[in-house]
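Working through the structure, step by step
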Amino acid sequence: MEMAMAAAVTVSVAGGSYAALNPDKITADARAVADKATCRTVDTAIVGFIAVNETDPTSITQLKPYVDGDISRYRIVGGRAAGPGC
C-alpha cells in the first residue's frame, strides 16, 4: 500500500514539474483566462454605460472611460462584448 502511494506522489510531482517546464502552455492558459476576464469587463462597461447614458453604446471607444486597459480587440455585437474569450 505504501509503495502505491509513493508511486502516485512521484507521478503527481513529475506532472507538476512538466507543467513548470512548459512556458508555452502556461502562457496560453494565462492568456485564455485574461481574455475571459476582459470580455466580462467589457460587458460590465456596457452595462455601466447604459446606466449612465440611458442608451446603448455603439462603439468600443465609448467604453474607454469605464475600463482601465486596452479593449481595442473587442467590439459590441448585439449589445454584448465580442472578441477574444467571448
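Note that the structure is a prediction, hence the values are computed from the model and not measured.

A rise of 1.5 Å per residue sets the reference length of helix α2 (residues 23-53), with its 31 residues, at 45 Å; its end C-alpha atoms lie 44 Å apart and thus fit the reference within 8%. Residues Asp35, Cys39, Val42, Asp43, Ala45, Ile46 and Phe49 constitute the buried set of α2. Among the structural elements, β1 (75-77) and β2 (80-82) are those in contact with the buried residues of α2. Downstream of α2 by one or two residues, glutamate 54 has phi in the positive range, about 55°.

Let us look at the nonpolar core. By size, the foremost hydrophobic cluster in this structure holds 11 residues: Cys39, Val42, Ala45, Ile46, Phe49, Ile60, Leu63, Val67, Ile71, Tyr74 and Ala81. A per-element tally of this core places α2 first, with 5 residues. With residues near it in sequence (within four places) discarded, leucine 63 still touches Val42, Ala45, Ile46, Phe49, Pro57, Ile71 and Ile76.

What counts and what doesn't
Residues numbered from 1 in each chain as written. Predicted model: local features only at pLDDT ≥ 70, side-chain atom pairs only at ≥ 80, totals over all residues. Heavy atoms only, no water. Helix = DSSP H or I, 4+ residues; strand = E, 2+ residues; numbered from the N terminus. Expected span 1.5 Å × (residues − 1). Buried < 20%, exposed > 50% of the residue type's maximum accessible area, 1.4 Å probe, protein only. Contact = heavy atoms within 4.5 Å. Core = buried A, V, L, I, M, F, W, Y, C linked by side-chain atoms within 4.5 Å.

Honestly, that's just the spatial picture; any functional story needs more than this.
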